[in-house]
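Spelled out from the first residue to the last, the chains are:
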Amino acid sequence: MYLHVGNNKNIRCRDIIGIFDTDNATLSPITKKYLARAEKQGLVDSARQEIPKSFVLYRVPGGFKICFSQLSATALSGRMNDPSSL
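In this report, the structure presented in the accompanying data block is examined. (Residues numbered from 1 in each chain as written. Predicted model: local features only at pLDDT ≥ 70, side-chain atom pairs only at ≥ 80, totals over all residues. Heavy atoms only, no water.)

Turning our eyes to something else, we now look at helix H2 (residues 29-40). For H2, with twelve residues, the first-to-last C-alpha span of 16 Å sits near the 16 Å given by 1.5 Å per residue. With its phi angle positive at about 75°, glycine 42 sits one or two positions after the end of H2. (Helix = DSSP H or I, 4+ residues; strand = E, 2+ residues; numbered from the N terminus. Expected span 1.5 Å × (residues − 1).)

Following this line, the structure appears as structure tokens:
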């Protein structure tokens, strides 16, 4: 099954490592540094150009990627927990 994270971007559920609220997660300087480094390495996707509310860390062959989403972490988690919405 796939999780729709916004704007025609889908991520395979079994590859998702975590869904994080952008406001809370980016308070930590460690997380900010991690996200900045991932962006420099080209590992960050954006489901939209709007201000992101959440980001999803997921596996890809050979590593991981991060996708920012305009949908809230609560909404994305709810979609994952409700099979009828996938």
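Moving on to the environment of valine 56. Within the secondary structure, valine 56 is located in strand S5 (residues 54-60). Counting along the chain gives 13 residues from valine 56 to serine 69, while the straight-line C-alpha distance between them is 7.7 Å. For valine 56, the contacting residues outside a window of four places in its chain are Val5, Ile11, Ile16, Gly18, Ile19, Lys65, Ile66, Cys67 and Leu76. (Contact = heavy atoms within 4.5 Å.)

Okay, the pattern of salt bridges next. What the rule picks out here adds up to three salt bridges. Between lysine 9 and aspartate 45 there is a salt bridge; the shortest N-O distance is 3.4 Å. You can see lysine 9 sitting in strand S2 (residues 9-12) and its partner aspartate 45 sitting in strand S4 (residues 44-46), a full 36 residues away along the chain. Judged by relative accessible area, which is 21%, aspartate 45 ranks as partly exposed. A salt bridge links aspartate 15 to arginine 12, with the nearest nitrogen and oxygen atoms 3.9 Å apart. Judged by its relative accessible area of 21%, aspartate 15 is partly exposed. Taking the relative accessible area as the measure of exposure, arginine 12 reaches 30% and is therefore partly exposed. What emerges from the salt-bridge pattern is a single network uniting Lys9, Asp45 and Lys65. (Salt bridge = Lys/Arg side-chain N within 4 Å of Asp/Glu carboxyl O. Buried < 20%, exposed > 50% of the residue type's maximum accessible area, 1.4 Å probe, protein only.)

Here we take up the side chain of serine 54. Position of serine 54 among the secondary structure elements: in strand S5. When neighbours within four sequence positions are excluded, serine 54 is seen to be in contact with Phe20, Asp21, Thr22, Cys67, Phe68, Ser69, Leu71, Ser72, Ala73 and Leu76.

Sheet analysis places strand S1 (residues 2-6) next to S2, joined by four bridges and oriented antiparallel. Paired with glycine 6 across the strands is lysine 9, a residue of S2. Connecting the antiparallel pair S1 and S2 is a turn made up of two residues, with asparagine 7 showing a positive phi of about 50°. (Pairing = 2+ DSSP bridges.)

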